[in-house]
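Below are the chains, spelled out letter by letter.
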Amino acid sequence: MAVTKIERALVERWRDVLSLHARTTCELDRALHPYGIGASDFEVLDVLVEAAGHESCDTYRVQELASRVHLSQSALSRLVARLEKDGLVARGMCSEDRRGVRVVLTEKGRARHAEAQPVQRSVLSRMLSGQAAPERPTTAGESGAAQG
């Protein structure tokens, strides 16, 4: 089955999205390393800060948090355990469902977020502004003579 130009363009666009995500995540991890956190750690702290500022409750159930930060529940549980060990978040039982676990930002977590936020926003601004062009290698079918 032949791949159409539209399909090829769609796949290339998808791969560009994946590449931008990967490059941005790596850059965030490097930039946030001095703060003792990575991109996913910061994202959890950021969501919790937003919750405290905009919602009636400053906690999230782990399941709700997982859907906001796009991690599996098990990966998020490990991440939250690490953040808790570092004193950045606290976990507690969910009053409405004793099987559930709620996560809340600590003062130390709020302070770490405030320190790292300008760095994170700067990386996002740089990486998503179009200045960071995709590094896609050309294939044999995309040689200079074939383009045009």
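Parameters at a glance
- Residues numbered from 1 in each chain as written.
- Predicted model: local features only at pLDDT ≥ 70, side-chain atom pairs only at ≥ 80, totals over all residues.
- Heavy atoms only, no water.
- Helix = DSSP H or I, 4+ residues; strand = E, 2+ residues; numbered from the N terminus.
- Buried < 20%, exposed > 50% of the residue type's maximum accessible area, 1.4 Å probe, protein only.
- Contact = heavy atoms within 4.5 Å.
- Areas by Shrake-Rupley, 256 points an atom, 1.4 Å probe, with all protein chains shown as cover.
- Axes fitted to C-alpha atoms, helices over the stretch in contact; angles between N-to-C directions.
- Parallel < 35°, antiparallel > 145°, perpendicular 65-115°, else oblique.
- Nonpolar A, V, L, I, M, F, W, Y, C, P; charged D, E, K, R; others polar.
- 1 Å grid on protein atoms, 1.4 Å probe; cavity = no way out; pocket = protein on both sides within 12 Å on 5 of 7 lines; lining within 4 Å.
- Points joined across faces, edges and corners; volume = space filled by probe spheres on them.
- Core = buried A, V, L, I, M, F, W, Y, C linked by side-chain atoms within 4.5 Å.
- Patch = residues over 30% accessible without salt bridge, like charges linked within 9 Å, V, L, I, M, F, W, Y side chains within 5 Å.
- Salt bridge = Lys/Arg side-chain N within 4 Å of Asp/Glu carboxyl O.
- Expected span 1.5 Å × (residues − 1).
- pLDDT = per-residue confidence, 0-100.
- Bend = angle between axes of the 7 residues up to and from the residue.

Quick look at the overall build of the protein now. A tally of regular secondary structure across the protein gives five helices and three strands. The order of helices and strands in the protein, counted from the N terminus, is α-α-β-α-α-β-β-α. The buried share among the 148 residues of the protein stands at 29%. Once local pairs closer than 6 in sequence are excluded, the contacts in the protein between residues at least 24 apart make up 55%. Accessible surface, the protein: about 9700 Å² in total, of which carbon and sulfur atoms supply 55%.

Next up on the list: the packing of helix α3 (residues 62-69) against helix α4 (residues 73-85). When two helices pack together, their arrangement is given by the angle between the helix axes and the distance between those axes. Between α3 and α4, the least distance of the axes is 9 Å, while the angle of their chain directions is 105°. Judged on the interaxial angle alone, α4 and α3 are roughly perpendicular. Each of V62, Q63, L65, A66 and V69 in α3 lies in contact with α4, whose residues at this interface are Q73, L76, S77 and V80. In the contact of α3 with α4, the residues fall into six nonpolar, three polar and no charged.

Taken as a whole, the largest pocket spans an internal volume of roughly 390 Å³. Lining of the largest pocket is provided by 16 residues; of these, H21, T25, A39, E43 and V69 occupy positions nearest its centre. Split by residue class, the lining of the largest pocket holds eight nonpolar, six polar and two charged.

V44, L48, L65, L76 and V89 are the most contacted members of the largest nonpolar core, which totals 27 residues. Among the elements of the structure, α1 (5-32), α2 (39-54), α3, α4, β3 (101-105) and α5 (107-128) are those that each provide at least two residues to this core. Here this core gets seven residues from one element, more than from any other, and that element is α2. In contact with L65, other than residues within four places in its own chain, are V44, V47, L48, Y60, L76, V80 and V103.

What follows deals with a nonpolar patch on the surface. A surface patch of nonpolar side chains, amounting to about 310 Å² of accessible area, comprises W14, V17 and L18. Secondary-structure assignment places V17 in helix α1.

Considering the arrangement of structural elements, one finds H113 in helix α5. Beyond its immediate sequence surroundings of up to four residues, H113 is in contact with F42, L45, D46 and V49.

The terminal C-alpha atoms of α1, which comprises 28 residues, lie 40 Å apart, in line with the 40 Å expected from a rise of 1.5 Å per residue. Turning to α1, its buried residues number three or more, namely R23, T24, E27, L28, A31 and L32.

With that out of the way, let us pick up the confidence of the model for the protein. Looking at the protein as a whole, its pLDDT mean stands at 84, while 78% of the residues score no less than 70. Put simply, strand β1 (residues 59-61) is where the protein has its lowest mean pLDDT, 78, and α5 is where it has its highest, 97. Across residues 137-148 the pLDDT falls below 50, and counting only partners more than four positions away or on other chains, this stretch makes five contacts in the model.

Note that D41 resides in helix α2. Under the relative-accessibility criterion, D41 is labelled buried at 7%. Excluding residues within four positions of it along the chain, D41 makes contact with L79, R82 and L83.

Turning our eyes to something else, we now look at α5. For the α-helix, the turn length of 3.6 residues means that residues three or four positions removed from each other point alike. Here α5 is 22 residues long and its end C-alpha atoms lie 30 Å apart, about the 32 Å a rise of 1.5 Å per residue gives. A116 marks the point of greatest bend in α5, at about 40°, and the proline P118 comes within the next four residues. For α5, the full list of buried residues reads G109, R112, H113, A116, Q120, V123 and M127. G130 sits one or two residues past α5 and shows a positive phi near 100°.

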